[in-house]
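Spelled out, the chains give:
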Amino acid sequence: MPASQTPHPAPLRPAFNPYFTIGISVVLDAAAQVLLKIGADHSITPGSFGLAGLHSGWVWLGIIALVSSLASWLYSLRFVALNIAANLTAGVHVLVPLACWFFLGEKINLVRWAGIALVIAGVFMVARPLMKAEQEVEEKL
Amino acid sequence: MSLASFLLTVLSQLCMVAGQIFLKKTMSWPEHGSKPWRAAVFATGVAIMALGFFIWVGLMAQFDLSYLFPFEGLHYLFVVIAASIFLKERASWSLWIGLFLICSGVALVSGS
């Protein structure tokens, strides 16, 4: 398990462009949400715990996308300044509703679009100071 | 969204925030720290995250994704609460405006 090895210092030059990997991470996160939603609709009785989702291949694809997104994110954070990464976190709140409308055919009314727009603006404002705070909390614990 | 579903959404987000803190903690483990203790922290982080994940996927079966996903923005609220408990830091006014925007957005979405 990689987590039990001692962390090695970051190489001077990243193997991949970190801005590319951070973009990949955001796209994979959005894709994971859509895959999980398809899987949930196929396998889970509404109103129950999601464990039955493991019967669906879509959910497993979603899990793979989610883990890859996290790996790509953690990789990027070693090279990209925190504030640049933070500014991109609102991106997933842009991509998910668009994917819902385009791939899932969800009908999104004006009130919901307005709410989504407020959430995007809010996440954009708070992500940077909060990622800093999160790091400080982790260092303190 | 019913109160029960809302509380489950909040619980799911809380699990994600807590699980992430546990996992990141094991990644920056001191070199001479206890190995079994580290494994225990790692396992706890994975378990908490899995719980949050399955609650979230369960909720997905019940709601449109475009309806449910904006609630994910609420997890920033918990980070602020955690930060204010552990750091005793005063949040800036722009942070409060951002959180206010997220909460108003979620309120609008929940009524849509």
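Notes on the structure in this doc start here.

Conventions used here
- Residues numbered from 1 in each chain as written.
- Chains lettered and ligands numbered in written order.
- Predicted model: local features only at pLDDT ≥ 70, side-chain atom pairs only at ≥ 80, totals over all residues.
- Heavy atoms only, no water.
- Core = buried A, V, L, I, M, F, W, Y, C linked by side-chain atoms within 4.5 Å.
- Buried < 20%, exposed > 50% of the residue type's maximum accessible area, 1.4 Å probe, protein only.
- Helix = DSSP H or I, 4+ residues; strand = E, 2+ residues; numbered from the N terminus.
- Contact = heavy atoms within 4.5 Å.
- Salt bridge = Lys/Arg side-chain N within 4 Å of Asp/Glu carboxyl O.
- Polar contact = N/O pair within 3.5 Å; in protein donor to acceptor, adjacent residues only side chain to side chain.
- Nonpolar A, V, L, I, M, F, W, Y, C, P; charged D, E, K, R; others polar.

### Thoughts on the nonpolar core
- Of all hydrophobic cores here, the largest spans 53 residues; its most connected members are Val96(A), Val126(A), Leu130(A), Met60(B), Leu65(B) and Tyr76(B).
- Top element by residues in this core is helix α5 (residues 110–140) of chain A. It accounts for 9 residues.
- Excluding residues that lie within four positions of it along the chain, Leu65(B) makes contacts with Gln33(A), Val34(A), Lys37(A), Val96(A), Cys100(A), Leu104(A), Glu106(A), Met60(B) and Pro70(B).

### What to know about the interface of chain A and chain B
- Between chain A and chain B, the residue contacts involve 55 residues of the former and 50 residues of the latter.
- Applying the counting criterion to the chain A and chain B interface returns 1 salt bridge.
- The tally of links from chain A across to chain B stands at 10 residue pairs in polar contact (both at pLDDT 80 or more).
- Every element with two or more residues in the side of chain A that touches chain B is listed here: α1 (18–43), α2 (57–77), α4 (91–102) and α5 of chain A.
- Here the side of chain A that touches chain B gets 22 residues from one element, more than from any other, and that element is α5(A).
- For the side of chain A that touches chain B, the per-class residue count stands at 34 nonpolar, 12 polar and 9 charged.

### What to know about the environment of Gly45(B)
Residues and elements named next belong to chain B.
- Checked against the element boundaries, Gly 45 lands in helix α2 (residues 35–60).
- For Gly 45, a relative accessible area of 0% puts it in the buried group.
- Note: C-alpha distance between Gly 45 and Ile 21 (24 residues apart in sequence) is 7.7 Å.
- Other than its neighbours up to four places away in sequence, Gly 45 contacts Gly 19, Phe 22 and Leu 23.

### Digging into the environment of Ala15(A)
Residue and element names in this part refer to chain A.
- If you trace the backbone, Ala 15 turns up in the segment before α1.
- Look at Ala 15 and you get exposed, because its relative accessible area is 68%.
- Each C-alpha atom, one on Ala 15 and one on Leu 77, is 13 Å from the other, the two residues being 62 residues apart in sequence.

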